[in-house]
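Observations on chain architecture
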Amino acid sequence: MTAQMHVPSLLSRAGAVSALTLAAVGGTLLAPGAAPEAQAATSHATQALNVAASKKGAPYRYGSAGPTRFDCSGLTLYAYKKAGKTLPRTAQQQYNKTRHISAAGRQKGDLVFFHSGGRVYHVGIYAGSGKIWHSPKTGSWVKLDRIWSSKVYYGRVR
């Protein structure tokens, strides 16, 4: 048997399955001991989110990528590096490297990219409940804020 059993065979073998069960497993059933890509990605995302949160209060500095000062993309680069993933330096480059996902599909640890006129100008790490950890601007610091714009893209680090 493979590590994943797709929905049609799940339904035929297991009988009726609730929509909530299918939603909870993303349309697949994982075999015990399997380590699918989604679980590994979630682990990295959770680690990166925790690293970003641990930097709460660190001052903003343009061009800085830690460990004590950060700009927006420096924080995401640093957090994901600590989680074992490599990101490019700028928010636009990070957007270009991520797997783009819908707002409905976003998960904690995904990157949130703010854009205007086709250009990405800011990035943070999704913390759930419509909030991000980010390092917003000169005179500010790493903090948890509500997403303030509808002009956002979401990206998942691979």
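Look up a bit, the structure's there.
Here is a short report on the structure shown in this document.

Rules of the game
- Residues numbered from 1 in each chain as written.
- Predicted model: local features only at pLDDT ≥ 70, side-chain atom pairs only at ≥ 80, totals over all residues.
- Heavy atoms only, no water.
- Helix = DSSP H or I, 4+ residues; strand = E, 2+ residues; numbered from the N terminus.
- Contact = heavy atoms within 4.5 Å.
- Areas by Shrake-Rupley, 256 points an atom, 1.4 Å probe, with all protein chains shown as cover.
- Core = buried A, V, L, I, M, F, W, Y, C linked by side-chain atoms within 4.5 Å.
- Buried < 20%, exposed > 50% of the residue type's maximum accessible area, 1.4 Å probe, protein only.
- Pairing = 2+ DSSP bridges.
- Axes fitted to C-alpha atoms, helices over the stretch in contact; angles between N-to-C directions.
- Phe/Tyr/Trp six-rings, centres within 6.5 Å; stacked < 30°, edge-to-face > 60°.

When helices and strands are tallied, the protein shows 5 helices and 8 strands. In the protein, the succession of helices and strands from N to C terminus is β-α-α-β-α-α-α-β-β-β-β-β-β. For the protein, the share of sequence-separated contacts (at least 6 apart) that also reach a separation of at least 24 residues comes to 52%. As displayed, the protein offers around 8,900 Å² of accessible surface, 55% of which is attributable to carbon and sulfur atoms.

Moving on, we get to the nonpolar core. Grouped together as the largest cluster of nonpolar side chains are 25 residues, with contacts concentrated most on Tyr80, Leu111 and Ile125. Listed by contribution, the elements that provide at least two residues to this core are α3 (37-54), α4 (72-82), α5 (91-97), β4 (111-116) and β5 (119-128). Ranked by size, the runner-up nonpolar core spans 8 residues in total, among them Val112, Phe114, Tyr126 and Val152.

Below, the discussion takes up the sheet that holds strand β7 (residues 143-146). Taken in spatial order, the 6 strands line up as β3-β8-β4-β5-β6-β7 in an open sheet, and their pairing is antiparallel. A strand with exactly one partner marks an edge of an open sheet, and here the two such strands are β3 (99-101) and β7. Averaged over neighbouring strand pairs, the angle between their axes works out to 45° when direction is ignored. Sheet topology note: the β3/strand β8 (residues 152-156) ladder contains 3 bridges and is antiparallel. Opposite histidine 100, over in β8, you have glycine 155 as the bridge partner.

Right, let's get into the packing of aromatic side chains. A full pass over the atoms with the stated rule returns 5 aromatic pairs. A centroid spacing of 5.3 Å and a plane angle of 65° characterise the contact between phenylalanine 70 and tyrosine 78, whose relative ring orientation is edge-to-face. No difference in accessibility class separates phenylalanine 70 from tyrosine 78, as the two residues are buried. Between tyrosine 95 and tyrosine 153 the ring centres are 4.9 Å apart and the planes differ by 25°, which places this aromatic pair in the stacked class.

Sheet analysis places β5 next to strand β6 (residues 131-134), joined by 3 bridges and oriented antiparallel. Bridge assignment links glycine 128 to a residue of β6, and that residue is lysine 131. Hairpin connection between β5 and β6: a loop of 2 residues separates the two successive antiparallel strands, and serine 129 in this loop has a positive phi of roughly 55°. Judged from the 4 bridges that link them, β6 and β7 form a sheet pairing that is antiparallel. Bridging across to β7, lysine 131 finds its partner in arginine 146.

Glancing now at the environment of arginine 69. Within the secondary structure, arginine 69 sits in the loop between α3 and α4. Considering only alpha carbons, one finds arginine 69 and alanine 58, 11 residues apart in sequence, at a separation of 5.6 Å. If we ignore the near neighbours within four places in the chain, the residues touching arginine 69 are Pro59, Arg61 and Ser64.

On to α4, then. With respect to burial, α4 is a largely interior element, 9 of its 11 residues being buried. Looking only at α4, the buried set comprises Cys72, Ser73, Gly74, Leu75, Thr76, Leu77, Tyr78, Ala79 and Tyr80.

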